[in-house]
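Next come the chains, spelled out residue by residue.
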Amino acid sequence: MSIRVVVADDQELVRSGFTMILEAQQDIEVVAEAGDGAAAVEAVRGHSPDVLLLDIRMPVMDGLEAARRVCAQSSCKVVMLTTFDLDEYVYDALYAGASGFLLKDVRRDDLVHAVRVVAGGDSLLAPTVTRRLVADIVRRRREEAAAEPAPDRLDALTAREVETLRMLARGLSNAEIATTLFVSEHTVKTHVSNVLSKLGLRDRVQAVISAYETGLVTPGTP
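What comes next concerns the included structure. These numbers come from a predicted model, not from an experiment. (Residues numbered from 1 in each chain as written. Predicted model: local features only at pLDDT ≥ 70, side-chain atom pairs only at ≥ 80, totals over all residues. Heavy atoms only, no water.)

## Remarks on the pattern of salt bridges
Argument step 1. Per the counting criterion, the structure on display carries 10 salt bridges.
Argument step 2. Arginine 68 is paired through a salt bridge with glutamate 65; the nearest N and O atoms lie 3.4 Å apart. On the criterion of helical spacing, the pair formed by arginine 68 and glutamate 65 is a turn pair, its members being 3 residues apart in helix H3 (residues 63-73).
Argument step 3. With its nearest N and O atoms 2.9 Å apart, the salt bridge here joins lysine 198 to glutamate 161. Highlighted residues: lysine 198 in helix H9 (residues 185-199) and glutamate 161 in helix H7 (residues 159-169), separated in sequence by 37 residues.
Argument step 4. Exposure remark for lysine 198: the relative accessible area of 39% places this residue in the partly exposed category. (Salt bridge = Lys/Arg side-chain N within 4 Å of Asp/Glu carboxyl O. Helix = DSSP H or I, 4+ residues; strand = E, 2+ residues; numbered from the N terminus. Buried < 20%, exposed > 50% of the residue type's maximum accessible area, 1.4 Å probe, protein only.)

## Quick look at unusual backbone geometry
Argument step 1. Phi at valine 60 is positive, roughly 65°, even though this residue is not glycine.
Argument step 2. Inspection of the secondary structure puts valine 60 in the loop between strand E3 (51-55) and H3.
Argument step 3. Overall, the relative accessible area of 73% leaves valine 60 in the exposed class.
Argument step 4. The phi dihedral of phenylalanine 182 is positive, around 60°, even though this residue is not glycine.
Argument step 5. Mapped onto the fold, phenylalanine 182 is located in the loop between helix H8 (174-181) and H9.

## Notes on the packing of H7 against helix H10 (residues 204-213)
Argument step 1. Viewed as axis vectors pointing N to C, H7 and H10 meet at an angle of 105°, and their least axial separation amounts to 9 Å. The angle between H7 and H10 falls in the class roughly perpendicular. Contacts between H7 and H10 involve Leu165, Leu168 and Ala169 on the former and, on the latter, Arg204, Ala207, Val208, Ala211 and Tyr212.
Argument step 2. Grouping the amino acids of the contact of H7 with H10 by side-chain chemistry returns 7 nonpolar, no polar and 1 charged. (Axes fitted to C-alpha atoms, helices over the stretch in contact; angles between N-to-C directions. Parallel < 35°, antiparallel > 145°, perpendicular 65-115°, else oblique. Contact = heavy atoms within 4.5 Å. Nonpolar A, V, L, I, M, F, W, Y, C, P; charged D, E, K, R; others polar.)

## Remarks on the side chain of threonine 19
Argument step 1. Tracing the backbone shows threonine 19 in helix H1 (residues 12-23).
Argument step 2. Residue classification places threonine 19 among the buried positions, given a relative accessible area of 11%.
Argument step 3. Side chain to side chain, threonine 19 and glutamate 33 meet in a polar contact 3.0 Å long. (Polar contact = N/O pair within 3.5 Å; in protein donor to acceptor, adjacent residues only side chain to side chain.)

## Let's talk about the nonpolar core
Argument step 1. Residues Ala8, Leu52, Leu54, Val70, Val78 and Met80 are the most contacted members of the largest nonpolar core, which totals 29 residues.
Argument step 2. Counting residues per element, the ones that place at least two in this core are strand E1 (3-8), strand E2 (28-34), helix H2 (37-47), E3, H3, strand E4 (77-82), helix H4 (90-95) and H10.
Argument step 3. If you tally residues by element for this core, the top one is H3, at 5 residues.
Argument step 4. With near-sequence residues (within four places) excluded, alanine 8 lies in contact with Ala34, Ala40, Leu52, Leu53, Leu54, Asp55 and Met58.
Argument step 5. Counting 22 residues, the second-largest nonpolar core is a separate cluster that includes Val162, Leu168, Val208 and Leu216. (Core = buried A, V, L, I, M, F, W, Y, C linked by side-chain atoms within 4.5 Å.)

What follows is the structure in structure tokens.
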């Protein structure tokens, strides 16, 4: 079964370029294109794609609002696109529900890989975006350090689930976590599902954010 994709960007050349790259793959089908955020939301409603490639800066309705609506109203996975890796909306885009974040100058193979990874239920961030995200989280934590501590959200997790979350935040795949914990990949998938459910998170990206926000993992942790 093909991965159904909607490509949304206000630049026609960018849309057509991404569409050509994706349509060349036997397992990917571009079912619609959109030139603004509102059209992207309607395209998702009308075509029920697996993945939406969405420019973060869009006319009529910006990419952030479009991502919020798509993620709230459907199971479609959203990959945000931007020209700049220091885009001030990275953090908000991920909280809006985006499962991936890529730069528009992404290589052909990396774009295809991103669509397949996100469609498969995982999350993907460009390395420079990941560094930006972690730095932003650390900054926010420092600003909030003087405030009254919030309840420990990790209390709801078992010890094994906490360890799984820690490894997710370090970028380990399910297979790598399984090897480290000496369990099956099926067991790891169960732990990951429990972590997301108990913490009220949409996907692995938000799990990474939560791990840093709670201090479970800090930058530079091996």
